Amino acid sequence: MSAGLAPSLASSLERLAQRLQELDAALSDPVIAADNRRFRDLSREHAEVSGVCDLAQRHTQRQLDLDTARALLLEAGDDADMRDMAAQEITEAEAEIAQLEAALQTALLPKDPDDARPAFVEIRAGTGGDESALFAADLARMYTRHAERMGWQCEVMSASESDLGGYKEVVLRLEGPNVYGQLKFESGGHRVQRVPVTETQGRIHTSACTVAVLPEPDEAEAVKLNPADLRIDTFRASGAGGQHINKTDSAVRVVHLPTGIVAECQDGRSQHSNKAKALQVLQARIQEKERSERAAKEAATRKSLVGSGDRSDRIRTYNFPQGRFTDHRINLTLYKLGSIMEGELDDVIAAMLSAQAAEQLAELEASTGI
């Protein structure tokens, strides 16, 4: 498959072609079709594998076109029109082949198995008091709007509101295709520069929030929680009042005693629902703690361009007076802050994914010498 490719790429594509045949057979099996979860997982893998195989087939076809055009150029002799036609086809085929090879290299890079998982997005106000809490609300709105644009499901798992309508902390759950894979680069410190609504002199202030994006654990692989390690408290939910005020002790806080990690939920209407959601978030936080510890060990030997995802890493600046958005990890600056705050994150996400792919390719080339 795909003549002209590096041997390592060609062998990877041969394995994928065999895997595609296996997936075709599996998806036509009535036993697998009756297992919704298994069928969904295999369907997702089939879509990914067939996409790469389509690229490989296109590469093979364009390589044949290139060989034909080169032969035509040799046979053209003094026929200027034929020579021009062959030369043009050679130029176009070579350009597309180069693009396809780059796309295939990127498509074959190792993938994080959590990329396809739903994600929890935690936003916490930091330095800056009320202004920081208002910025936390702006970030929550930005991610919610992006989720709406992408057709993802969005749910507020817990929220602690500030006096002026912002959030001291808010946790969102987002579900859709490749949610964690697209949002994982949002983890870190987000800094805002603007004139706060509480500022009477018109002075620009700097405030900060931290964002953490956690993959929702797979039920089969989730951290098993020992009930003896948990302290579960119930309390009356706080809120702005009105018809939605929760007048019963249905809010739930769960503490994992060995680690001190805490999760709470007060958004649901029942104690049972809130406990289930709090346990989901707790499992994700415990799993993320383990992931962070592994990442810290890796970071001791290599510094990732796109960052470690640690909350203490300052990754972004949102400068409202200049309408400027800056991601400091990849030196990305965009002068369209208004649309970004409305959830138009496509360019930002694409740039981060591209930077990650380039980093992975560099590491692969360094380790294999390709």
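Computed from a predicted model, the values in this text were never measured in an experiment. Sequence order as written defines the numbering, with residues in each chain counted from 1. Whole-chain, interface and lining totals are the exception, using all residues; otherwise, since this is a predicted model, local features are given only for residues with pLDDT of at least 70 and side-chain atom pairs are given and counted only at 80 or more. Hydrogens and water molecules were not included; the side-chain quantities draw on all heavy atoms of the structure.

Caption draft 1: Structural view of the overall build of the protein. Numbering of helices and strands runs from the N terminus, with a helix taken as a DSSP run of H or I at least four residues long and a strand as a DSSP run of E at least two residues long. Counting its regular elements, the protein contains 9 helices and 11 strands. Exposure categories follow from relative accessible area, calculated using a 1.4 Å probe and restricted to protein chains: below 20% of the type maximum is buried, above 50% is exposed, and the middle band is partly exposed. Within the protein, the fraction of its 370 residues that count as buried is 39%. In this description, contact between two residues means that some pair of their heavy atoms is separated by no more than 4.5 Å. When contacts within the protein are restricted to residue pairs at least 6 apart in sequence, long-range pairs at least 24 apart make up 63% of them.

Caption draft 2: Examining the nonpolar core more closely. Throughout, nonpolar core names a set of buried Ala, Val, Leu, Ile, Met, Phe, Trp, Tyr and Cys residues whose side chains join them through atoms within 4.5 Å. One finds Val 121, Ile 123, Leu 139, Tyr 143 and Tyr 318 to be the most contacted residues of the largest nonpolar core, which totals 35 residues. Mapped onto this core, the elements with two or more residues apiece are β1 (119-125), α5 (129-150), β3 (167-175), α6 (179-183), β5 (205-215), β11 (332-334), α8 (337-341) and α9 (346-368). Residue contributions to this core peak at 7 residues, all from α5. When sequence neighbours within four positions are dropped, the list of residues in contact with Ile 123 reads Ala 136, Leu 139, Ala 140, Tyr 143, Lys 168, Glu 169, Val 170, Thr 210 and Val 211. Counting residues in each nonpolar core, the second largest holds 16 residues, with Leu 214, Leu 230, Val 252 and Ala 278 among its members.

Caption draft 3: Structural detail: the sheet that holds strand β6 (residues 230-235). Overall, antiparallel pairing links the 3 strands, which are arranged β6-β7-β8 in an open sheet. Both edges of this open sheet fall to β6 and β8 (261-265), since each of them pairs with a single strand only. Strand-to-strand twist of the sheet, defined as the mean angle between neighbouring strand axes without regard to direction, takes the value 15°. In short, DSSP must find at least two bridges between two strands for them to pair. Judged from the 5 bridges that link them, strand β7 (residues 251-256) and β8 form a sheet pairing that is antiparallel. Residue pairing across strands places His 256 opposite Ile 261, the latter belonging to β8. Whenever a helix is involved, its axis is fitted only over the stretch in contact; in every case the axis is a line through C-alpha atoms, and angles between N-to-C directions fall within 0 to 180 degrees.

Caption draft 4: Molecular detail of the packing of helix α3 (residues 36-75) against helix α4 (residues 80-107). Contact geometry for α3 and α4: axes closest at 8 Å, N-to-C directions at 155°. In terms of orientation, α3 lies roughly antiparallel with respect to α4. Our pair here, α3 against α4, has a crossing hand that is left-handed. Classifying every residue of the contact of α3 with α4 by side-chain character gives 17 nonpolar, 2 polar and 10 charged. For this classification, under 35 degrees means roughly parallel, over 145 means roughly antiparallel, 65 to 115 means roughly perpendicular, and everything else is oblique. When the near helix sits turned anticlockwise from the far one by under a right angle, the crossing is termed left-handed; a clockwise turn instead gives a right-handed crossing. Under the scheme applied here, ten amino acids are nonpolar (Ala, Val, Leu, Ile, Met, Phe, Trp, Tyr, Cys and Pro), four are charged (Asp, Glu, Lys and Arg), and all others, including Gly, are polar.

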